[in-house]
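If you want the building blocks of each chain, they are given just below.
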Amino acid sequence: MSLQVYINGRFYPKEEAKVSVFDHGFLYGDGVFEGIRAYGGRVWKLEEHIDRLYDSAKSVWLEIPMTKAEMQQVVVETCARNGLRDAYIRLVVSRGPGDLGLDPRKCPQPTVVCIADRIALYPDEVYEAGMKVVTSPVRRSPPAAHSFQVKSLNYLNSIYAKILAVQLGYPEVVMLSSEGYVVEGTGDNIFIVKKGRVITPPTYLGILPGITRAVAMEIARDCGYPVAEEIFTLHDLYTADEVFLTGTAAEIVPVVEVDGRRIGEGSPGPVTRQITRRFRERTQTEGTPIPLPVQGD
Ligand code: PXG
């Protein structure tokens, strides 16, 4: 059976899952989204993702036409209908169809889409040997212009950086703020470990308050490491004992080289490995259950 996609209250087979070309999500990137995972029949951190979706929507003056509880139900049902136990879920709320002008008031009905599909992961090699990255000459957009605190449909800033990564032959690049502080990856948050302290940039630099980031901070604290949200520079990155990236799709990725500088011993460090182990344990035991499909459904 073809994948079933949720659009505005109904499910459509993948081939028929279509939205209007007048949708401002398509015309202007006007909308918000979430990327969510399900592990072993449970949706991971569902409430946190829905809260962030509604915060993103509020920030761009977009009123989502359903309650958070209803939205949670949409996610769970999309997984259930597709018989997915392990999934990557994409929730999108766009401004909806309007006219050819920018004015959001011309779009009375937002478009709500939920897609659940199998997940494509980095190869095991990346987690075992670590990832080599470079820093991007494309700077993260300044928060005064367009803050990545909002998970909006405007990802061109990250895509510019991703194009460079692809052209240079790297899976990911580290982005810097316009002042040159280390901020995040194109689709992941960044951490450094220095003398047992676990440090990640503060979200007021205009970076996404990552849900994996929050879990990694919580695990690090539980393990007894001091955790700080602090601004840091390229020098701090190059001289860190350990570096890792966090994200819903990537989970926790050890970084072993930045701009040709070896990080630590050049292999995933003990703090990164400990946090990864606990993270994986938690994803296997926590989450919102997806009901099994009823026979004959
Ligand atoms: N920063 C940015 C800019 C992101 O887009 C993260 C950090 C990590 O946040 P979470 O909540 O996932 O821990 C993201 C994640 C992909 C992909 O295919 C990832 C994201 C968005 C689009 C695609 O890897 N967002």
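Residues numbered from 1 in each chain as written. Predicted model: local features only at pLDDT ≥ 70, side-chain atom pairs only at ≥ 80, totals over all residues. Heavy atoms only, no water.

**Student:** How do you make sense of a nonpolar patch on the surface when you look at a structure like this?
**Tutor:** Residues Val21, Phe22, Phe26 and Leu100 make up a contiguous nonpolar surface patch of about 460 Å² in total accessible area. Here Leu100 shows up in the loop between strand 5 (87-94) and strand 6 (111-117). (Patch = residues over 30% accessible without salt bridge, like charges linked within 9 Å, V, L, I, M, F, W, Y side chains within 5 Å. Areas by Shrake-Rupley, 256 points an atom, 1.4 Å probe, with all protein chains shown as cover. Salt bridge = Lys/Arg side-chain N within 4 Å of Asp/Glu carboxyl O. Helix = DSSP H or I, 4+ residues; strand = E, 2+ residues; numbered from the N terminus.)

**Student:** So what exactly am I meant to see when it comes to the side chain of Ser177 here?
**Tutor:** With respect to the helices and strands, the residue Ser177 is situated in the loop between strand 8 (173-176) and strand 9 (182-185). Not counting residues up to four positions away in its chain, the partners in contact with Ser177 are Arg139 and Val183. (Contact = heavy atoms within 4.5 Å.)

**Student:** Honestly, the nonpolar core in this entry has me stumped. Any pointers?
**Tutor:** In globular proteins that are soluble, nonpolar side chains generally tend to be buried together. In terms of nonpolar packing, the biggest core is built from 30 residues, with Val43, Met71, Val75 and Ile89 touching the most fellow members. Those elements that provide at least two residues to this core are strand 3 (31-39), helix 2 (46-59), helix 3 (68-81), strand 5 and strand 6. Top contributing element to this core by residue count: helix 3, with six residues. Each residue touching Val75, except ones within four places of it in the same chain, is listed here: Ile36, Val43, Leu46, Ile50, Ile89, Leu91 and Cys114. Ala240, Val243, Val253 and Val255 belong to the second-largest nonpolar core, a separate cluster that totals 21 residues. (Core = buried A, V, L, I, M, F, W, Y, C linked by side-chain atoms within 4.5 Å. Buried < 20%, exposed > 50% of the residue type's maximum accessible area, 1.4 Å probe, protein only.)

**Student:** What should I look at first to understand the environment of Ala57 in this one?
**Tutor:** Tracing the sequence through the fold places Ala57 in helix 2. Separated by 208 residues in the primary sequence, Ala57 and Glu265 have C-alpha atoms spaced 43 Å apart. Non-local contacts of Ala57, meaning those with residues more than four positions away in its chain, are made with Val32, Leu62 and Ile64.

That's the geometry; what it means functionally is another story.
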